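These are the residues of each chain, in order.
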Amino acid sequence: MKYLLNKMRKIYRNSRISQKLFLSFSIVIVIPAIVVSFLFIRIQETQLYNDAMTTGSSHVSRLNEQLRSKMDTIENASSTALTQKAFVDFIHSNMREDGLRLVKFRQNQFEQMHNIIESHELISELSFYVDNPNIYEIWPEIYHYDKFWPQDYWVTLRDEGGATYSIFALQDGEQTLSYYRLVRLQAQQQLRPSIMEIRVKHSEFFNDLLEETGGDFFSVVMGGSSPSQYVYNPEHQFSQNAGKELGEIFGSIYEKLDVLEQNGPIKVNVGDNSYYALYRYIAPLDAYVVDIASHQALMKGPRSWYLLVVTITLCVLLLIMLLVSHTTRRIFRRLDSVLSSMRKVRKGQLDAKIDTGLDDNESGDEIDEVAVNYNQMLDEVKQLMTQVVDKQLIAKNAQLHSLHSQINSHFLYNALESIRMLAVVERQPAIADALVSLGSLLRYSMKWRSDTVTLSEELANIQSYIRFMSFMEGRSVILSAELPDEVLRYTIPKMCLQPIVENAVHHAAPLGDSVRIGITVRIENSLLLIEIFDDGVGVDSHMLTNLQDVLQGDSETPIVTSKNGLGLENVHKRLQLHYGKGCGLWIDSVQGKYTCVTIRLPWENVNLGGW
């Protein structure tokens, strides 16, 4: 209790003065009005609840009677169909024996059966399933028993007294209600009984339920053996308002349904809402007819009764708010301007100064002094931010200028070409080829017409690098990259494969030993995966763990020079900054066997970009 009092005291202390005044007036005037309104509302809600439950119970009973009436219609139709003994006898005989006899059957017995079906608008289909090897399946009303599923369902029919309903019988992707009835038990033990099936569309059988779109109660038929099978109108206002919670509402109500107790309503809580349900159990269908109503929807009626009370309460509150607002505005007008400026600064508006209205020789009161110091602080903050931005721009421009002025590319190309020609004249083809590879490398790295290149261009540059490094180090570096043509045309960031191949050349095997490097691509989960594999010595387990930790880090952290000398972190972070955290590098290695670096890029070419 003491803790609660201290908590309330702190809340009151930290509240605005206008809120404290508003609270004082509210305690004196509003609280008594709220108490009287609450008592009045409770009386009205109790009366409305009793009336709603009476109405809902009558509605459930009416739906129950309507469904049972339609069940009687279906059962009468099945009995009428079974009186056509000639039809039943014929489908159990050899229908293929005599074509003339089949034609007469079509014109007489079949036509009579078809008329029986057509005379009942409720029935959509009537079918017989007969275990007769000589049956002729040329009409949708006659099938061999092998078409019936499940095959042993006749045992259930026999146990149920020869007839049963299936409220959810799927056919051609649409749920229908089916009525099954045993027609004839075959004389031979190896033959299965004949079954008649009558199908009724849900839209016809439950039309009264499915046509209701409004009202306080929402009707639904729930399967008695499966909590996931329902029949309801998705266009009903209740269904629209419930949204994603509808399935949870059905499940909560289903857990409380009881065949033996069907009189009183049940109540469930889903989320922040409460729901009432009235139901009846229909034994032949093994289903419940349930009427559901939201507590909030039922209680909307009393609003018209206590609207006057609420209006008076709101008017009193409004008058108190106007009084408090007017009083505090006159007292703290300048303080509000200070607070307003501070809120703007928090949103990034550093030019939101406070207009004090003071002359140069005026000092003002305490609030004016706060405003003047606050304006001076904003000027100093803006000045410091400008200095920081200027320093960063100067450093960046200096860095770019240094990069552009390091080398004269045309002079270097001409010098390399002259040396290459001299090597050709002196009959030194290895030196000439090495110079061609070096020239290709320099030309590729210094000509940046675009930040992106095709995968084939990047591979060509890597091949030049491999030839040059084989010449320089005097060892065999073998590169294999058999890639589909359509992948070679996709653009990738320039120089994103080069650092990884360099790592493989320098670190995969001791100097002088040969190394094999393979490049493969594949597409997985909308990503273009480029794998660079070498059969070298692998990466030390401790260093591999450090590398993987770096590659799993946050891409928003600053890019620093890699301590391990492999230079993978720079490429990884640049890829993540441009393509998101789903892209970048991943390294896998087994010491003494292999190292594999995987580059993840967006598969959609329109999303690819450069550095």
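Structure shown above.
Residues numbered from 1 in each chain as written. Predicted model: local features only at pLDDT ≥ 70, side-chain atom pairs only at ≥ 80, totals over all residues. Heavy atoms only, no water.

Enquirer: Got a sec to walk through the layout of surface pockets? Specific residues and values, please.
Expert: Put simply, the second largest pocket is a space of about 700 Å³. Lining the second largest pocket are 32 residues, with Tyr153, Ser166, Phe168, Ala169 and Tyr180 sitting closest to its centre. Within the residue set of the lining of the second largest pocket, elements represented by two or more residues are strand 1 (125-130), helix 6 (153-159), strand 3 (163-171) and strand 5 (194-201). Here the lining of the second largest pocket gets nine residues from one element, more than from any other, and that element is strand 3. When the residues that make up the lining of the second largest pocket are grouped by side-chain class, the tally is 16 nonpolar, ten polar and six charged. (1 Å grid on protein atoms, 1.4 Å probe; cavity = no way out; pocket = protein on both sides within 12 Å on 5 of 7 lines; lining within 4 Å. Points joined across faces, edges and corners; volume = space filled by probe spheres on them. Helix = DSSP H or I, 4+ residues; strand = E, 2+ residues; numbered from the N terminus. Nonpolar A, V, L, I, M, F, W, Y, C, P; charged D, E, K, R; others polar.)

Enquirer: So what about the pairing of strand 9 (residues 273-282)? Which residues, and what values?
Expert: Most of strand 9 sits out of view: nine of its ten residues are buried. Pairing analysis gives five bridges linking strand 8 (residues 266-270) to strand 9, with the strands arranged antiparallel. Of the residues in strand 9, the one forming a bridge with asparagine 269 is serine 274. Counting the residues between successive antiparallel strands, the hairpin from strand 8 to strand 9 contains two residues, one of them, glycine 271, with a positive phi of roughly 65 degrees. Here strand 9 pairs with strand 10 (residues 287-294) via eight bridges, running antiparallel. Paired with tyrosine 279 across the strands is valine 290, a residue of strand 10. Turn length for the strand 9-strand 10 hairpin, with the two strands adjacent in sequence and antiparallel, is four residues, and the turn residue aspartate 286 shows positive phi of about 50 degrees. (Buried < 20%, exposed > 50% of the residue type's maximum accessible area, 1.4 Å probe, protein only. Pairing = 2+ DSSP bridges.)

Enquirer: Lay out the sheet that holds strand 8 with the relevant residues and their values.
Expert: Taken together, the five strands give an open sheet; going across it, the order is 7-6-10-9-8, and neighbouring strands pair in antiparallel fashion. Each end of this open sheet is capped by a strand with a single partner; those strands are strand 7 (230-232) and strand 8. For this sheet, the mean angle separating the axes of adjacent strands, direction not counted, is 30 degrees. Across the face of the sheet, helix 10 (residues 246-256) comes into contact with strand 6 (217-223), strand 7, strand 8, strand 9 and strand 10 while running at roughly 145 degrees to strand 8. (Axes fitted to C-alpha atoms, helices over the stretch in contact; angles between N-to-C directions. Contact = heavy atoms within 4.5 Å.)

Enquirer: Residues and numbers for the pattern of salt bridges, please.
Expert: Going through the model one piece at a time under the given rule, you end up with eleven salt bridges. Measuring nitrogen to oxygen at the nearest pair gives 3.8 Å for the salt bridge that ties aspartate 208 to lysine 70. With aspartate 208 in helix 8 (residues 207-210) and lysine 70 in helix 2 (residues 17-82), the pair connects residues that are 138 residues apart, well separated along the chain. The exposure class of aspartate 208 is partly exposed, given its relative accessible area of 29%. On the basis of relative accessible area, lysine 70 is assigned to the buried category, the value being 13%. Connected through salt bridges with shared partners, the residues Lys85, Asp89 and Arg184 form a single ionic network. (Salt bridge = Lys/Arg side-chain N within 4 Å of Asp/Glu carboxyl O.)

Enquirer: Let's hear about the environment of threonine 454: which residues, and what values?
Expert: Of note, threonine 454 is situated in strand 11 (residues 452-454). When the C-alpha atoms of threonine 454 and tyrosine 490 are compared, they prove to be 5.4 Å apart, with 36 residues separating the residues in sequence. Setting aside residues no more than four positions away along its own chain, threonine 454 makes contact with Leu488, Arg489, Tyr490 and Thr491.

Enquirer: Summarise the side chain of glutamate 141; cite the residues concerned and give the values.
Expert: Assignment of secondary structure puts glutamate 141 in the loop between strand 1 and strand 2 (142-144). Salt bridges are absent for the buried glutamate 141, whose nearest opposite-charge side chain, arginine 106, sits at 7.8 Å. (Lys, Arg positive; Asp, Glu negative; His and termini not counted.)

Enquirer: Explain the packing of helix 16 (residues 455-473) against helix 18 (residues 498-507) to me, using residue names and the numbers behind them.
Expert: For any two helices packed against each other, the geometry comes down to the angle between their axes and how far apart the axes lie. Viewed as axis vectors pointing N to C, helix 16 and helix 18 meet at an angle of 25 degrees, and their least axial separation amounts to 10 Å. On the basis of the axis angle, helix 16 is roughly parallel to helix 18. In terms of crossing hand, the pair formed by helix 16 and helix 18 is right-handed. The segment helix 16 lies against helix 18, with Glu458, Asn461, Ile462, Tyr465, Ile466, Met469 and Glu473 engaging Gln498, Val501, Glu502, Val505 and His506. Here the residues of the contact of helix 16 with helix 18 are counted per class, giving six nonpolar, three polar and three charged. (Parallel < 35°, antiparallel > 145°, perpendicular 65-115°, else oblique. Left-handed = near helix turned anticlockwise from the far one by under 90°.)

Enquirer: Tell me about the nonpolar core, and please be specific about residues and values.
Expert: Among the nonpolar cores identified, the biggest contains 43 residues, and Ile74, Phe105, Phe128, Phe205, Phe206 and Val221 are the most heavily contacted of them. When residues no more than four places from it in sequence are discounted, the contact partners of valine 221 are Leu67, Ile167, Phe206, Leu209, Gln229, Tyr230, Val231, Ala287, Tyr288 and Val289. Grouped together as the second largest cluster of nonpolar side chains are 42 residues, Ala508, Tyr579, Ile587 and Leu601 included. (Core = buried A, V, L, I, M, F, W, Y, C linked by side-chain atoms within 4.5 Å.)

Read these as layout, nothing more, since geometry by itself doesn't imply function.
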